[in-house]
Amino acid sequence: VQLQASGGGLVQAGGSLRLSCAASGRTFSNYAMGWFRQAPGKEREFVAGINWLAGSTFYADSVKGRFTISRDNAKNTVYLQMNSLKPEDTAVYYCAASLSNYERNRYAYNFWGLGTQVTVSS
């Protein structure tokens, strides 16, 4: 499956952004989807995940209550709504697809899109 993330940009602290990830090539609904991020000099880290049928979502503690992941299987798209953004949220954000549900481990994700930059100014 091919993934294309979009929606990044520059925003002030406290602001919001909505990331989108469009999928193509295979049956989108067969895959659990995740968002990861990578800040300069840091490891890529899990942000949020959503299972095949969008019945379950799960988040990193650092974004819980501020970010919301969702998916529209009819549009082959997964979203990440980011509210109350903080400077420490600044990173390149990546979407990824996994054949397994409930995965927080980046190595469980089979397909990755190119990232989209999110910069939060203080």
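In this text the structure is predicted, and so the values were computed from the model without any measurement.

About the cut-offs
- Residues numbered from 1 in each chain as written.
- Predicted model: local features only at pLDDT ≥ 70, side-chain atom pairs only at ≥ 80, totals over all residues.
- Heavy atoms only, no water.
- Helix = DSSP H or I, 4+ residues; strand = E, 2+ residues; numbered from the N terminus.
- Buried < 20%, exposed > 50% of the residue type's maximum accessible area, 1.4 Å probe, protein only.
- Polar contact = N/O pair within 3.5 Å; in protein donor to acceptor, adjacent residues only side chain to side chain.
- Contact = heavy atoms within 4.5 Å.
- Disulfide = S-S within 2.5 Å.

Some points on the side chain of threonine 77
Consideration 1: Relative to the elements of secondary structure, threonine 77 occurs in strand S8 (residues 77–82).
Consideration 2: Relative accessible area serves as the criterion here: at 11%, threonine 77 is assigned to the buried category.
Consideration 3: Here lysine 75 takes part through its backbone oxygen, which lies 2.8 Å from a polar atom of the side chain of threonine 77.
Consideration 4: When near neighbours in sequence (up to four residues on either side) are disregarded, threonine 77 contacts Ser20, Cys21, Ala22, Phe28, Ser70, Arg71 and Asp72.

Section: the state of the cysteines
Throughout this description, disulfide means a covalent bond between two cysteine sulfur atoms.
Consideration 1: The full count for this structure, using the stated rule, is 1 disulfide.
Consideration 2: At a sulfur-sulfur separation of 2.0 Å, the disulfide partner of cysteine 21 is cysteine 95. Here cysteine 21 and cysteine 95 share a disulfide; its torsion about the S-S bond, 60°, makes the bridge right-handed. Of the two residues, cysteine 21 sits in strand S3 (residues 17–24) while cysteine 95 sits in strand S9 (residues 91–98), which places them 74 residues apart along the sequence. A single burial state applies to cysteine 21 and to cysteine 95, both of which are buried.

Quick look at the environment of valine 11
Consideration 1: Inspection of the secondary structure puts valine 11 in strand S2 (residues 9–12).
Consideration 2: Here the alpha-carbon distance between valine 11 and serine 122, two residues 111 residues apart in the chain, equals 9.1 Å.

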